[in-house]
Amino acid sequence: MDTDPFTPNYPAPTALRPLLGLTVLVIEDSRYACEALRLLCLRSGARIRRADTLRSARRHLQVYRPSVAIIDVGLPDGNGSDLIRELVDSNQRPDVILGTSGDFDGEESVMGAGADGFLDKPIVSLAVFQDTILTHLPMDRHPAGPRAVPQELVEPDPIAYRDDMAHVADVLEAGSDTRTLDYVAQFLGGVARSAEDRELATATDALAAKRACGDSATSEAATIAGLVQLRLAEKIAI
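Treat the numbers as computed from the prediction; the structure is a model and nothing was measured.

Parameters and conventions
Residues numbered from 1 in each chain as written. Predicted model: local features only at pLDDT ≥ 70, side-chain atom pairs only at ≥ 80, totals over all residues. Heavy atoms only, no water. Helix = DSSP H or I, 4+ residues; strand = E, 2+ residues; numbered from the N terminus. Rg over C-alpha atoms; globule rule 2.2 N^0.38 Å. Buried < 20%, exposed > 50% of the residue type's maximum accessible area, 1.4 Å probe, protein only. Contact = heavy atoms within 4.5 Å. Areas by Shrake-Rupley, 256 points an atom, 1.4 Å probe, with all protein chains shown as cover. Lys, Arg positive; Asp, Glu negative; His and termini not counted. Charge placed at Lys NZ, Arg CZ, Asp CG, Glu CD. Axes fitted to C-alpha atoms, helices over the stretch in contact; angles between N-to-C directions. Parallel < 35°, antiparallel > 145°, perpendicular 65-115°, else oblique. Nonpolar A, V, L, I, M, F, W, Y, C, P; charged D, E, K, R; others polar. Salt bridge = Lys/Arg side-chain N within 4 Å of Asp/Glu carboxyl O. Pairing = 2+ DSSP bridges. 1 Å grid on protein atoms, 1.4 Å probe; cavity = no way out; pocket = protein on both sides within 12 Å on 5 of 7 lines; lining within 4 Å. Points joined across faces, edges and corners; volume = space filled by probe spheres on them.

Enquirer: Kindly report on the overall build of the protein chain, identifying the contributing residues and their values.
Expert: Each helix and strand in the protein chain was counted, giving 9 helices and 7 strands. In summary, the protein chain has a C-alpha radius of gyration of 18 Å against a globular reference of 18 Å for 238 residues, a match within 12%. Buried residues in the protein chain amount to 49% of all 238 residues. Look at the contacts in the protein chain between residues 6 or more apart in sequence, and 65% of them connect residues 24 or more apart. A total accessible area of about 11900 Å² is found for the protein chain, and carbon and sulfur atoms account for 53% of it. Separation between the mean location of the 24 positive side-chain charges and that of the 36 negative ones in the protein chain comes to 5 Å.

Enquirer: Tell me about the packing of helix H1 (residues 31-44) against helix H5 (residues 126-134), residues and numbers included.
Expert: Where H1 meets H5, the axes come as close as 10 Å, and the angle between the chain directions of the two elements is 70°. Between H1 and H5, the interaxial angle falls into the category roughly perpendicular. On H5, the residues touching Leu37, Leu40, Cys41, Arg43 and Ser44 of H1 are Leu126, Phe129 and Gln130. Of the residues that constitute the contact of H1 with H5, the class distribution is 5 nonpolar, 2 polar and 1 charged.

Enquirer: Break down the pattern of salt bridges for me, with residues and values.
Expert: Evaluated as defined, the whole model comprises 15 salt bridges. Linking lysine 121 and glutamate 28 is a salt bridge whose minimum nitrogen-to-oxygen distance equals 2.9 Å. Taken together, the positions of lysine 121 in the loop between strand S7 (117-120) and H5 and glutamate 28 in the loop between strand S1 (23-27) and H1 put the pair 93 residues apart, joining distant regions of the chain. The burial state of lysine 121 is the same as that of glutamate 28; both residues are buried. Across the pair arginine 38 and glutamate 35 runs a salt bridge whose closest N-O atoms are separated by 3.0 Å. Of this pair, arginine 38 and glutamate 35 both sit in helix H1, 3 residues apart, which is roughly one turn of the helix. What makes arginine 38 partly exposed here is its relative accessible area of 35%.

Enquirer: Describe the sheet that holds strand S2 (residues 47-51), and please don't skip the residues or the numbers.
Expert: Pairing is parallel across the open sheet formed by 5 strands, whose spatial order is S2-S1-S3-S6-S7. Strands at the two margins of the open sheet, each flanked by one partner only, are S2 and S7. Averaged over neighbouring strand pairs, the angle between their axes works out to 25° when direction is ignored. Taken together, the 5 bridges between strand S3 (residues 68-72) and strand S6 (residues 96-101) define a ladder with parallel strand orientation. Note on S6: the bridge partner recorded for alanine 69 is isoleucine 97.

Enquirer: Tell me about the layout of surface pockets, and please be specific about residues and values.
Expert: If you add up the space inside the largest pocket, you get close to 620 Å³. As for the largest pocket, its lining consists of 24 residues, and the residues nearest its centre are Asp103, Asp105, Asp182, Ala185 and Gln186. Breaking the lining of the largest pocket down by element, the ones donating at least two residues are strand S4 (74-75), strand S5 (78-79), helix H4 (106-112), helix H7 (178-194) and helix H8 (198-213). Counting residues per element, the lining of the largest pocket draws most heavily on H7, which supplies 7 residues. Tallied by class, residues from the lining of the largest pocket come to 8 nonpolar, 9 polar and 7 charged.

Written as structure tokens, this is what we have:
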């Protein structure tokens, strides 16, 4: 059970809010992906807390035990699979540990680390989100009676996508060493696919392919930097 000292009594889940009473810790550096998960938690009745680095996540976990941890594989300060391994062996293990990634080999990585399940990006389906968590909870944590399968898909605020573009611009401005380019390729790959930005996704795939071969990716990095700046220059209606 979640042991947050500020809310000792948890309401029972309902058919419309099947995750009521759960606290979800989302460890994700993409604002866009995190906004999608925030909306999914809101629709499901769960509370959400966020960490954008492994360091921040470990700090959270020293203070409280979430019911569910959703951990992205690619984070600025390391691989999320390492944290999954730590939590699997921890005395304060969350009830449900899920990995997430937009990479083709992401599921193999998190399941190999001991995760209970995997959420493939983009994470926008309310039904998939709820069912993936409920599958790994005991039946006494499920809502009583029949539950209709929700058909809703969430749409994150486009401002969150702009925030991700600003983050990538800052990262590229700080340097373009191999570690930085690997991070940019991983980060943008998931973000671009989540936002259905095919042009940026194609450019990111080209960067990732060059890095996988160990080749110079100066041209690909420059292309991505230009596309990011174009998206930052676009006006978003508020």
